[in-house]
Amino acid sequence: MQRLEMIRPDDWHLHLRDGEALKAVVGHTARQFARAIVMPNLKPPVTTVALAEAYQQRILAALPADTQFQPLMTLYLTSETTPEEVHRAAQSDAVHAIKLYPAGATTNSEAGVKSLEALAPVLAAMQEVDLPLLIHGESTDPKSDVFDRETLFIENTLGQIVKEFPELRIVFEHITTKKAVDFVLAAPGNVAATITPQHLLLNRNAIFKGGIRPHHYCLPILKREEDRQALVAAATSGNPKFFLGTDSAPHERGTKESPCGCAGIYSAHAAIELYAEAFEDAGAIDKLEGFASLHGPDFYKLPRNTEKVILEKREQTIPASFPFSSGTVVPMRGGETIRWTFARSVAT
Ligand code: DOR
Ligand code: ZN
């Protein structure tokens, strides 16, 4: 049996939801990760420091008793966000970034940004106080092809933001294309990206394998095999611009298995094992620790974790579903076996 000892990882992009749903999923993340950047796309969205601090308290209250897990909070950028709120966020121990959703791009993004020009003073304040901007990078032009939306966003919006705010730390979230990898590689050191397990392990054929597969539908949507390969190359390169962000996004089963199914793949139950599989497939398991445990805290200017954990190359069968709110959530690889198992923390 192969065994991998590594510094405890962090998840730099996570959806925890709220209420009963939060209680159902937070333990999965807390078991593996020391910290997570928690997305603010609740209904209503987390738009102020006061709302983020209250949400953080609800997450802490929902945690299993024996965990040190730390939720790192984000604010949801809207046309109402002010430079004063940015300054409050910079002063707060709870808030670590602000998230930009183009209005209509994804789940609960209706309150997102319609015009970036008007938000220039807010982005300038973020640059000044060195608070990272996290970006869902997809064009919302309804005429655009769903597979081209990330590329269009790079060409029409992201390039401009990077140019106008040269010192602003930016995380291009859940990148899905070779174009995005190339953009991040060519950009200065203040521009980084997260990559999900599904975009490393699957291409768009997975959405249609033998029939339509709603549990493989997420946004940005899975792309071509050549894109997947470019993402694997980036994640396993050792380049500190790329780090782990699961985008684990639970939805109740019936809302995905529906005539208009929600976007989101749930991966928190076996996140680090799924990444281990992708890295092993690429012959680069030695690069997992940098991607999962070192590059993220370095970019966010937070201390690296010191505790270590052990992954074992030992098969596990993933349950077909987990309890979730009033129903169930179907996890990534539900009902299948995966090669790695998160075993335990290393006693210190
Ligand atoms: O697939 C997705 N699900 N993409 C997102 O950007 C949001 C997320 C969610 O909140 O369900
Ligand atoms: Zn997300």
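In this text, all values refer to a predicted model and were calculated from it rather than measured experimentally. (Residues numbered from 1 in each chain as written. Chains lettered and ligands numbered in written order. Predicted model: local features only at pLDDT ≥ 70, side-chain atom pairs only at ≥ 80, totals over all residues. Heavy atoms only, no water.)

**Considerations on the overall build of the chain**
Broken down by element type, the chain carries 11 helices and 15 strands. Relative to its length of 348 residues, the chain is compact, with a C-alpha radius of gyration of 19 Å against a globular reference of 20 Å. Dimensions of the chain, computed from C-alpha atoms along their principal axes, come out at roughly 55 × 45 × 40 Å. For the chain, with 348 residues in total, the buried portion stands at 58%. (Helix = DSSP H or I, 4+ residues; strand = E, 2+ residues; numbered from the N terminus. Rg over C-alpha atoms; globule rule 2.2 N^0.38 Å. Buried < 20%, exposed > 50% of the residue type's maximum accessible area, 1.4 Å probe, protein only.)

**Remarks on the pairing of strand β8 (residues 191-195)**
The side chains of a regular strand alternate, residue by residue, between the two faces of the sheet. By the criterion of burial, β8 is predominantly enclosed, with five of the five residues buried. The two faces of β8 match: Val191, Ala193 and Ile195 on one face and Ala192 and Thr194 on the other face are all buried. As paired strands, strand β7 (residues 170-172) and β8 are joined by three bridges and run parallel to one another. When the sheet's bridge partners are listed, Val171 is paired in β8 with Ala192. Of the crossover connections in this fold, the one passing from β7 over helix α6 (residues 178-186) to the parallel β8 is right-handed. (Pairing = 2+ DSSP bridges. Right-handed = clockwise from strand over helix to strand, strands pointing away.)

**Brief notes about the packing of helix α1 (residues 19-32) against helix α2 (residues 49-62)**
Packing of α1 against α2 leaves a shortest axis separation of 9 Å and a crossing angle of 65 degrees. Regarding α1 and α2, the two cross each other, and that crossing is right-handed. Here Leu22, Lys23 and Val26 of α1 lie close against α2, whose contacting residues are Arg58, Ile59 and Ala62. For the contact of α1 with α2, the per-class residue count stands at four nonpolar, no polar and two charged. (Axes fitted to C-alpha atoms, helices over the stretch in contact; angles between N-to-C directions. Left-handed = near helix turned anticlockwise from the far one by under 90°. Contact = heavy atoms within 4.5 Å. Nonpolar A, V, L, I, M, F, W, Y, C, P; charged D, E, K, R; others polar.)

**Things to note about the packing of helix α10 (residues 271-281) against helix α11 (residues 288-300)**
Between α10 and α11, whose axes approach to 9 Å, the crossing angle comes to 140 degrees. Taken together, α10 and α11 sit at an angle that is classed as oblique. Of the residues in α11, those in contact with Ile272, Tyr275, Ala276 and Phe279 of α10 are Leu288, Phe291 and Ala292. Here the contact of α10 with α11 is composed, by residue class, of seven nonpolar, no polar and no charged. (Parallel < 35°, antiparallel > 145°, perpendicular 65-115°, else oblique.)

**Remarks on the sheet that holds strand β6 (residues 133-135)**
Read across the open sheet, the eight strands follow the order β2-β3-β4-β5-β6-β7-β8-β9; overall the sheet is parallel. A single partner strand is all that each edge strand has here, and the edge strands are β2 (11-14) and β9 (242-244). Here the average twist between neighbouring strands, direction ignored, is 30 degrees. Examined bridge by bridge, β8 and β9 share three bridges and lie parallel to one another. Bridged to Ala193 within β9 is Phe242. Each of β5 (95-100), β6, β7 and β8 touches helix α5 (residues 149-164); the most contacted strand, β7, lies at about 175 degrees to it.

**Things to note about the site of ligand 1**
Within the structure, ligand 1 sits among 13 residues, and Arg17, Asn41, Thr106, Leu219 and His251 are positioned closest to it. In the model, an oxygen atom of ligand 1 is placed 3.0 Å from a nitrogen or oxygen of the Thr106 side chain. Note that an oxygen atom of ligand 1 is positioned 3.2 Å from one of the side-chain N or O atoms of His136. Protein contacts shield 99% of the accessible area of ligand 1, which totals 290 Å² for the unbound molecule. Among the residues forming the shell around ligand 1, the class breakdown is four nonpolar, seven polar and two charged. (Near = heavy atom within 4 Å. Polar contact = N/O pair within 3.5 Å; in protein donor to acceptor, adjacent residues only side chain to side chain. Areas by Shrake-Rupley, 256 points an atom, 1.4 Å probe, with all protein chains shown as cover.)

**Notes on the nonpolar core**
Counting residues in each nonpolar core, the largest one holds 98 residues, and the members touching the most others are Ile161 and Leu288. If you tally residues by element for this core, the top one is α10, at seven residues. (Core = buried A, V, L, I, M, F, W, Y, C linked by side-chain atoms within 4.5 Å.)

**Quick notes on the pattern of salt bridges**
Per the counting criterion, the structure on display carries 19 salt bridges. For Arg333, the salt bridge goes to Glu277, with nearest N and O atoms at 2.8 Å. Here Arg333 is found in the loop between β13 (327-329) and β14 (337-338), whereas its partner Glu277 is found in helix α10, with 56 residues between them in sequence. By relative accessible area, which is 5% here, Glu277 ends up buried. Asp281 is the salt-bridge partner of Arg339, the closest N and O atoms lying 2.7 Å from each other. Of the two residues, Arg339 sits in the loop between β14 and β15 (341-345) while Asp281 sits in helix α10, which places them 58 residues apart along the sequence. Using a relative accessible area of 26% as the deciding quantity, one classes Arg339 as partly exposed. (Salt bridge = Lys/Arg side-chain N within 4 Å of Asp/Glu carboxyl O.)

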